[in-house]
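One letter stands for each residue in the lines below.
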Amino acid sequence: MYSQDMTMKHKNFSLSRIKRVLIPLFFLVLIGLGIIKIYPGVKKQVLAQQNPPVHAFVLVGQSNMVGHGSLPLVQSASGNIFKWDNSAWVTGIEPVHYGEFGPSMSFALELLRLKNDANYKIGLIPCAKGGSSITEWQKGQTFYTECLNKVKAVQANGAIIEGMLMSQGEADSQTKQAANAWGGLVIQFAKDFRSDYGNIHTPFIFAQLGYDPHIVKYPYWKYLHDLQPAILSGHGNYRMIVTDDLSKNSDKIHFNRDSQVTIGQRFARATCKVMDCQ
């Protein structure tokens, strides 16, 4: 009996040692393969009780702004990045909106790198709604009003709105009429919303539609894609980022995680072409 007990203890000890070695090694392999991604900085969301962000950006549009990339098993964020959540600032981490991985954190991390200022604190204001058309973002509509209320609350908290990011248009590629109306409605939305928060000259950066998925539901995708650059004319604080070179999920509509990282970086670089990042 004594011999059997010792044998069992030895086996348990050996298994414990193996677990201590293999589990960290397993996570290192996942990190190396990119299955787990770690961002430098704080590792959990906490309320920003002191020194809240001053430089805020409004995130609008539909599901590709919300994000449909898979979430990494482990992630952390910079201590200089926050998101507005339930009437308070919390440390930023994906998902910034809800559900999955979008371009928001990548945008903020790249903007921090470009600003190269240890005191620059970024606040993200998530307003995007999956499936929303540009008509639903017009002044007086629910999404417009809800987002503006968030912006007013952020301003009351001491932040300055420094720009807007938009990824939208998929819903408006279902009919030719909607596609033709898209440009004028985006311009009206950008004018009204920035006027309502008090600075019409802040950057308005939008993402052009990605490659045509050739889905029956969206027959005017390519048509709208080709119309989108026209709204840049006469608007010096507008910028458009391209996305048709980026990979998507199997649904051919939503960008995968790696593509969302690239989109966020492109949003940041375009923003810096309008505002002074030096």
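Residues numbered from 1 in each chain as written. Predicted model: local features only at pLDDT ≥ 70, side-chain atom pairs only at ≥ 80, totals over all residues. Heavy atoms only, no water.

Trainee: I'd love a proper account of the overall build of the protein, names of residues and values included.
Mentor: Assigned secondary structure in the protein consists of seven helices and seven strands. Residues classed as buried in the protein amount to 47% of the 278 residues present. Taken as a whole, the protein presents about 13700 Å² of accessible surface, with 56% of it coming from carbon and sulfur. (Helix = DSSP H or I, 4+ residues; strand = E, 2+ residues; numbered from the N terminus. Buried < 20%, exposed > 50% of the residue type's maximum accessible area, 1.4 Å probe, protein only. Areas by Shrake-Rupley, 256 points an atom, 1.4 Å probe, with all protein chains shown as cover.)

Trainee: Tell me about the pairing of strand 2 (residues 81-85), and please be specific about residues and values.
Mentor: Extensive coverage of strand 2 is indicated by the burial of four of its five residues. Sheet topology places strand 2 next to strand 4 (residues 122-126); three bridges connect them, and they run parallel. Paired with Ile81 across the strands is Ile122, a residue of strand 4. Examined bridge by bridge, strand 2 and strand 3 (residues 88-91) share four bridges and lie antiparallel to one another. Bridged to Lys83 within strand 3 is Val90. The hairpin formed by strand 2 and strand 3 contains two residues between the paired strands, and Asn86 there has a positive phi angle of roughly 55 degrees. (Pairing = 2+ DSSP bridges.)

Trainee: Hey, could you go over helix 4 (residues 142-156) for me, with residue numbers and the actual values?
Mentor: Counted at 1.5 Å a residue, the expected span for helix 4 with its 15 residues is 21 Å, and the 21 Å between its end C-alpha atoms agrees. Of all the positions in helix 4, only Tyr144, Cys147, Leu148, Val151 and Val154 are classed as buried. Each buried residue of helix 4 lies within a common arc of 115 degrees when the element is viewed along its axis, so the set occupies one face. Next to the buried residues of helix 4 lie strand 1 (55-61), strand 2, strand 3, strand 4, strand 5 (160-167) and helix 5 (176-197). Looking one or two residues past helix 4, Gly158 carries a phi angle of roughly 105 degrees, positive in sign. (Expected span 1.5 Å × (residues − 1). Arc of directions from axis to C-beta. Contact = heavy atoms within 4.5 Å.)

Trainee: Could you give an account of the packing of helix 3 (residues 104-115) against helix 7 (residues 257-274), with specific residues and numbers?
Mentor: Close contact between helix 3 and helix 7 brings their axes to 7 Å; oriented N to C, the two are set at 45 degrees. Here helix 7 runs oblique to helix 3, going by the angle between their axes. Crossing angle aside, the handedness with which helix 3 passes helix 7 is right-handed. Together, Ser106, Phe107, Glu110, Leu111 and Leu114 of helix 3 and Gln260, Val261, Gly264, Gln265, Phe267, Ala268, Arg269, Thr271 and Cys272 of helix 7 make up the contact between the two elements. (Axes fitted to C-alpha atoms, helices over the stretch in contact; angles between N-to-C directions. Parallel < 35°, antiparallel > 145°, perpendicular 65-115°, else oblique. Left-handed = near helix turned anticlockwise from the far one by under 90°.)

Trainee: For empty space enclosed by the protein, give the residues involved together with the corresponding values.
Mentor: Per the stated rule, a full pass over the model turns up one cavity of 30 Å³ or more. One number sums up the size of the largest cavity: a volume of about 30 Å³. If you go around the largest cavity, the residues you meet are Ser167, Gln168, Glu170, Ala207, Gln208, Leu209, Gly210, Thr243 and Phe255. Classifying every residue of the lining of the largest cavity by side-chain character gives three nonpolar, five polar and one charged. (1 Å grid on protein atoms, 1.4 Å probe; cavity = no way out; pocket = protein on both sides within 12 Å on 5 of 7 lines; lining within 4 Å. Points joined across faces, edges and corners; volume = space filled by probe spheres on them. Nonpolar A, V, L, I, M, F, W, Y, C, P; charged D, E, K, R; others polar.)

Trainee: Hey, could you go over the sheet that holds strand 4 for me, with residue numbers and the actual values?
Mentor: Adjacent strands of a sheet pair through backbone hydrogen bonds, lying either parallel or antiparallel. A sheet is described by the order of its strands in space; here seven strands give the open sequence 3-2-4-1-5-6-7, paired in mixed fashion. Of all strands in the sheet, those with a lone pairing partner are strand 3 and strand 7 (238-241), marking the two edges. Between one strand axis and the next, the sheet turns by 25 degrees as a mean value, whatever way the strands run. In this fold helix 3 packs onto strand 1, strand 2, strand 4 and strand 5, with an angle of close to 160 degrees to the strand it touches most, strand 4.

Trainee: Tell me about the side chain of His97, and please be specific about residues and values.
Mentor: With respect to the helices and strands, His97 occurs in the loop between strand 3 and helix 3. Among the polar contacts listed, one links the side chain of His97 to the backbone nitrogen of Cys127, at a separation of 3.2 Å. Here Ala128 takes part through its backbone nitrogen, which lies 3.0 Å from a polar atom of the side chain of His97. Not counting the four nearest positions on each side in its chain, His97 is found in contact with Leu59, Met65, Val66, Ser104, Pro126, Cys127 and Ala128. (Polar contact = N/O pair within 3.5 Å; in protein donor to acceptor, adjacent residues only side chain to side chain.)

Trainee: An account of the layout of surface pockets is needed here, citing residue identities and associated values.
Mentor: The gaps left among the atoms become clear once a water-sized probe is rolled over them. Taken as a whole, the largest pocket holds about 230 Å³ of empty space. When residues of the lining of the largest pocket are traced back to their parent elements, those giving at least two are strand 2 and helix 4. The greatest single-element share of the lining of the largest pocket, amounting to three residues, is contributed by strand 2. Its residues placed into classes, the lining of the largest pocket shows seven nonpolar, three polar and four charged.

Trainee: How would you explain the state of the cysteines if you had to name every residue and give the values?
Mentor: Counted by the stated rule, this structure contains two disulfides. A disulfide bridge connects Cys127 with Cys147, and the sulfur atoms are separated by 2.2 Å. Residues Cys127 and Cys147 are joined by a disulfide whose S-S torsion is about 85 degrees; by sign, that bridge is right-handed. Of the two residues, Cys127 sits in the loop between strand 4 and helix 4 while Cys147 sits in helix 4, which places them 20 residues apart along the sequence. Of the two residues, Cys127 and Cys147, both sit in the buried class. Through a disulfide, Cys272 is tied to Cys277; the S-S separation comes to 1.9 Å. Between Cys272 and Cys277, the S-S torsion sits near -85 degrees, and that sign places the bridge as left-handed. Summarising the burial analysis for this pair, Cys272 and Cys277 share the class buried. With its bonded cysteines labelled in order along the sequence, the protein shows the pairing 1-2, 3-4. (Disulfide = S-S within 2.5 Å.)

None of this, on its own, says anything about what the molecule does.
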